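Residue-level listing of the chains:
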Amino acid sequence: MSRNFKMVATTIFGLEEVLAEELKNLGAQDVEIGVRNVSFSGDKGFMYKANIALRTAIRVLKPIKRFKVGDEDDLYKKLQTIDWEREMDVDSTFAIGAVVNSKNFTTNSHYIALKSKDAIADYFRHKYHKRPNVDVKYPDLKIHVHIQNDLCTVSLDSSGDSLHKRGYRSATNIAPINEVLAAGLVLLSGYTGDCNFIDPMCGSGTILIEAAMIANNIPANINRKEFGFEKWKDYDEDLFFTIQDALLKKIRSSHFKIMGFDKAPSAVRKATENVENANLSEFIGVHHVNFFNSVKEVFGQTTILFNPPYGERLDIDMQAFYKNIGDTLKSGYPGSTVWFITSNIEAIKHVGLKTSRRIPLKNGDLDCIYVRYDMYEGSRKAKKNNLES
């Protein structure tokens, strides 16, 4: 049986608790929430499982060394104390990512990455008179150097490419939402596939696809072509396929409708293509519909979740646009729980509805708010009267 070791999963600001819950549900041990990350313990098989199944993780890192560090020269020397032959050969390619938050270092993260690269390359040069090559795009080993004050953590990136690159999105629109954020929005909404789901401004279909994978318990990264750990010296292919097969056996079928609308025919085409890439056409319907001219056509409780324009890249009248959102929801979508994310805090005031939840999140560099509105069957007053009678 392989031993447990410490790992760190990175995420988007505001999704730390969602990621921690995902990890616990998968069977992680020693789960601890940080800022934009969650640490946990598991064995090699669990590392494979985390990469395949986690929806709100960006990377899964495996720390291999921690040490106190004073300056750039000290970093160089201490990196050379690591037994790099355990992780790579002189003919391997590698890449370095660095994050520095320390008064001891006057240089930027890029310089620290270069210093770290030199330390590792020189480690092999001194022993074998040959340096391994750097390959930024397709390295055999991706290494992360994180310096916080006087503590340096050196980790191997088991994910390789960021885990938001699911492998299904070949077509995008003007401001596509990150897949990890989309999955986080769905999970924060509480949607599990037990009711209808509508994205009324679906763009390239990312929220729809993430919702369908959640509804049917399909592993988030099942369409990925490769993970970083597949190039590691200790990669166990049989174990990987055993873990993958076990996750695939847990797929279920949701029988509620998942629908996307968009007023742009080009967006409908792109969303349809991405849905097909994700093998989810039987679960998701994408329609050429202007939300502002629509009404709810499905029966029963419905989750509505969308990412409307913030006014960052599209030139529209935000005040009128958000008022129109509120008017359409009030007149056409009773019996719905509505969620949307925006960085346009002023515009929310014009929706004309009372929020029941407000969650701060990040969308890229933008500070955003994720809001919830409860649209009752009939008016709120009628609902209250029914409860009291």
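The following paragraphs examine the structure supplied in this document. (Residues numbered from 1 in each chain as written. Predicted model: local features only at pLDDT ≥ 70, side-chain atom pairs only at ≥ 80, totals over all residues. Heavy atoms only, no water.)

### Notes on the sheet that holds strand 13 (residues 336–342)
One open sheet accounts for seven strands, arranged 11-10-9-12-13-15-14; its pairing is mixed. Looking along the sheet, the strands with just one partner apiece sit at the ends: strand 11 (284–288) and strand 14 (357–363). Neighbour to neighbour, the strand axes of the sheet diverge by 20 degrees on average, direction disregarded. The pairing of strand 13 with strand 15 (residues 366–375) spans seven bridges and is classified as antiparallel. Note that in strand 15 the partner of Phe340 across the bridge is Val371. Sheet strands in contact with helix 6 (residues 206–215) are strand 9 (196–199), strand 10 (258–262), strand 11 and strand 12 (302–306), and its direction is about 180 degrees off that of strand 10. Strand contacts of helix 9 (residues 318–332): strand 12, strand 13 and strand 15, with the helix running at about 170 degrees to strand 13, the strand carrying the most contacts. (Pairing = 2+ DSSP bridges. Helix = DSSP H or I, 4+ residues; strand = E, 2+ residues; numbered from the N terminus. Axes fitted to C-alpha atoms, helices over the stretch in contact; angles between N-to-C directions. Contact = heavy atoms within 4.5 Å.)

### Observations concerning the environment of Pro176
Tracing the backbone shows Pro176 in the loop between strand 8 (151–157) and helix 5 (179–189). As for Pro176 and Asn290, which are separated by 114 residues in sequence, their C-alpha atoms are 19 Å apart. Leave out the neighbours within four places in its chain, and Pro176 touches Arg169 and Ser204.

### Points about unusual backbone geometry
Although it is not a glycine, Asp30 adopts a positive phi angle of roughly 55 degrees. Examined against the element boundaries, Asp30 turns out to sit in strand 2 (residues 29–33).

### Here we look at the layout of surface pockets
In this structure, the second largest pocket encloses a volume near 710 Å³. Lining the second largest pocket are 25 residues, and of these Val8, Thr10, Asn37, Leu61 and His146 sit closest to its centre. At the level of secondary structure, the elements contributing two or more residues to the lining of the second largest pocket comprise strand 1 (5–10), strand 2, strand 3 (37–42), strand 4 (59–68), strand 5 (93–101), strand 7 (141–148) and strand 8. Class assignment for the residues of the lining of the second largest pocket results in ten nonpolar, eleven polar and four charged. (1 Å grid on protein atoms, 1.4 Å probe; cavity = no way out; pocket = protein on both sides within 12 Å on 5 of 7 lines; lining within 4 Å. Points joined across faces, edges and corners; volume = space filled by probe spheres on them. Nonpolar A, V, L, I, M, F, W, Y, C, P; charged D, E, K, R; others polar.)

### Observations regarding the pairing of strand 10
In terms of burial, strand 10 is a largely internal element, five of the five residues being buried. Alternating residues of strand 10 divide into Ile258, Gly260 and Asp262 and Met259 and Phe261, and every residue in both groups is buried. In this structure, strand 9 lies alongside strand 10, joined through three bridges in parallel fashion. Bridge pairing in strand 10 places Phe197 opposite Ile258. Relative to strand 11, strand 10 runs parallel, the two being bridged by five bridges. Residue pairing across strands places Met259 opposite Gly285, the latter belonging to strand 11. (Buried < 20%, exposed > 50% of the residue type's maximum accessible area, 1.4 Å probe, protein only.)

### Quick look at the environment of Val186
Checked against the element boundaries, Val186 lands in helix 5. Expressed as a C-alpha distance, the spacing of Val186 and Ala20, which sit 166 residues apart in the sequence, is 15 Å. Those residues within four positions of Val186 in sequence are excluded, and the remaining contacts are Tyr191, Phe197, Ile207, Ala211, Ile214, Leu305 and Tyr370.

### Some points on helix 3 (residues 72–79)
Among the residues of helix 3, Glu72, Leu75, Tyr76 and Leu79 are the ones counted as buried. Around the axis of helix 3, the buried residues are gathered within 100 degrees of arc, so they sit on the same side. Tucked into the core, helix 3 has its buried residues touching strand 4, helix 4 (109–128), strand 7 and strand 8. Two or three places before Asp73, at the start of helix 3, stands the capping residue Asp71, its side-chain oxygen 3.2 Å from that residue's backbone nitrogen. (Arc of directions from axis to C-beta. Polar contact = N/O pair within 3.5 Å; in protein donor to acceptor, adjacent residues only side chain to side chain.)

### As for the sheet that holds strand 1
Taken in spatial order, the eight strands make up an open sheet running 2-3-1-4-8-7-5-6, and their pairing is mixed. Two strands close off the open sheet at either side, each with one partner strand: strand 2 and strand 6 (133–134). In the sheet, strand 7 pairs with strand 8 via six bridges, with the strands oriented antiparallel. In the sheet register, His144 faces strand 8, and the bridge partner there is Ser155. Lying over the sheet, helix 4 contacts strand 5, strand 6 and strand 7, oriented at roughly 140 degrees with respect to strand 5.

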